Amino acid sequence: MRSHHANDKAAILPEEILPEGVDPPLPDVQERTKPTTRLITVEPVLLLYCVAYLGGLAALEEYIYSRYQKNYPILNNTDPNVRSNDSQCQTNRSDPVFIATQMAQSDTSQLVLETTAIFSVLSIFSTMFLGAYSDAYGRKRCLVLPLAAEIVVFILKLAIIYFDLPVELLCIGAAIEGLSGGWIIMLMATFAYIADVTDQSSRAMRITVAESCLTLSIALSQFVLGYYVTATGFFWPYLTLFGLLVIDLLYLILFVPESFVKSKETTFSLKKSVKATYQVYNVRDDNRHIKLVLLTLTMFFNVIPLTSTTALNILFTMNAPLCWGPVLIGIFSAVYALAKQIGGIAGVATFGRLCHLSDISMATIGTVAGIAGAILNAFAKTNVLMFIVCPVSCLSMMTSPMIRTAISRLVKPDELGSVYAGIAAVEAVCNLVGGTVMNLIYQQTLYFFSGFVFIVCAIFFLVELFLFCLYMFVSKSTKRTLINAESCLKSGSTVVNG
């Protein structure tokens, strides 16, 4: 009877008030693997993919710009040594070379915006479908799909570079990436995989390490690829990145096991995939639907400034009074990315394992660091202040993985793919909105306060901070209600036994 009563208690109490170290019982919907003893399984897949994808993305804008420059004879006829020193800090805005350069940049920006829109719109629908699909048939297939699609896209890019094909064909590549889910599905499947094979004690750190692959890949690509392109042109760097993707796909197929085995009763349909994500957010037990909505909103207000900051910092530092060149921009980007990676991992290890703070508490600390970093970034007018932004904002890396970890604790194992699909759809929207709205704000405020856009980022973080406070209030209210309910059950049981 005592064992039966303990099971009943675990069933009615949410995870937040279970005894420390005790996981809630998992529903027997699918036969899942036990938490793996291997420290690294899927993380190298994400790292190699991000190095190839983000590295190629950074070089792609430069390649498109070089192609559009050929449409303006004055740029081709100008001494390249003189043109390389032109900048918004030094060039007369009425100079024909400067005007032609701005037009080439505008053409490049337009094509990048078109490819981003195509990818983002298509990926919103593919993520909703593939999330539920991964719950039915496993995460590995959803990891293979974007990897294989990216290999096809890189073949297209190599053909464009080698045969000097129209750069507008890149829109086809964006459509292929969007239909496969691209980096959004890669992240979704990776985090769902990690949640499958970890317990609560190690999940937060593993998700943080996986998300650090993004910042590490940015640092590697920014630091190495620029020199590679300068020395050899665009074809050989892209061929190298293509080779990394092939190696990554072989590693995934040969060495990464599936995170769970589909049961014979599991079925999958398009209608079920559409309903699955909605149903996850519609469970009202213990106010779960409110908590999931709040955490999803925090992800929205967190991702938009994060996806915009890197590109905006490049534009910000190129302008007066900093007037940075490519080398200093590359060094700053690498230091900024590494500082966030180190700060995120060290922060989770310190605040989580040593101080025993909750996921939301660590996410709140990360948000405060993001606010401080954004405000300092807005008013940075010297090189020293810009580099101080790196340590000030380094803990902001904790926020996103802690939100993902908190979400994974609220749902059942067979709902992980669907809930992460919802998060992935939000990230797709953020990728589209952040890339357009933030750049528009920067363009409109450039001439009276170039750092204003970072103030807007800080406001986004402030809204996120408010949502975290609201989440903690809802959690505490739910906890008190359930404790009172348990007390009533115990009192009733005592009266009956008496």
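Let us look at the structure shown here. (Residues numbered from 1 in each chain as written. Predicted model: local features only at pLDDT ≥ 70, side-chain atom pairs only at ≥ 80, totals over all residues. Heavy atoms only, no water.)

Considering the packing of aromatic side chains
Given two aromatic rings, one states the distance between the centres and the angle between the planes to describe the pair. This is how it is decided: Working definition: rings of Phe, Tyr and Trp (its six-membered ring) pair if their centres are within 6.5 Å, and the pair is stacked with planes under 30 degrees apart, edge-to-face with planes over 60 apart, and tilted otherwise. The buried label goes to any residue with under 20% of its type's maximum accessible area, the exposed label to any with over 50%, and the partly exposed label to all in between, with areas taken from a 1.4 Å probe on protein chains only. Put simply, DSSP H or I for four residues or longer makes a helix, DSSP E for two residues or longer makes a strand, and each gets a number counted from the N terminus. Working rule: Lys NZ or Arg CZ, within 6 Å of ring centre, within 35 degrees of ring normal, means a charge sits over the ring.
The final tally for this structure, using the stated rule, is 17 aromatic pairs. Ring geometry for Tyr162 and Phe163: centres 5.0 Å apart, planes at 85 degrees, overall edge-to-face. In this pair, the class of Tyr162 matches that of Phe163, namely exposed. With a centroid separation of 5.3 Å and 50 degrees between ring planes, the pair formed by Tyr162 and Phe235 is classed as tilted. Within this pair, whereas Tyr162 is found in helix H6 (residues 139-163), its partner Phe235 is found in helix H10 (residues 235-255), the two being separated by 73 residues in sequence. Ring pairs connect the aromatic residues Tyr162, Phe163, Phe235 and Trp236, which therefore count as one cluster. The lysine or arginine in question, Lys157, covers the ring of Phe154, its NZ or CZ lying 5.0 Å from the ring centre.

Overview of H10
Threshold: Here the expected span of a helix is defined as 1.5 Å times the quantity of residues minus one. Note: the arc covers the axis-to-C-beta directions of the helix.
Between its terminal C-alpha atoms H10 stretches 30 Å, which fits the 30 Å expected from 21 residues at 1.5 Å a residue. All of the buried residues in H10 are Pro237, Tyr238, Leu241, Phe242, Leu245, Asp248, Leu249 and Leu252. Summarising the axial view, the buried residues of H10 lie within an arc of 145 degrees, below the 170-degree limit, and thus occupy one face. Those residues of H10 that are exposed and angled more than 90 degrees off the buried face are Leu254 and Phe255.

Things to note about the environment of Leu239
By secondary structure assignment, the location of Leu239 is in helix H10. On the basis of relative accessible area, Leu239 is assigned to the partly exposed category, the value being 30%. Spatially, the C-alpha atom of Leu239 lies 8.8 Å from that of Ile155, the residues being 84 residues apart in sequence.

Points about the pattern of salt bridges
Here is the rule we go by: We define a salt bridge as a side-chain nitrogen of Lys or Arg found within 4 Å of a carboxyl oxygen belonging to Asp or Glu.
Here the structure, examined in full by the defined rule, presents six salt bridges. In this structure, Arg206 engages Glu43 in a salt bridge whose closest nitrogen and oxygen atoms are separated by 2.6 Å. With Arg206 in helix H9 (residues 200-232) and Glu43 in helix H2 (residues 43-69), this residue pair connects regions lying 163 residues apart in the sequence. According to the relative accessible area criterion, Arg206 is buried, its value standing at 11%.

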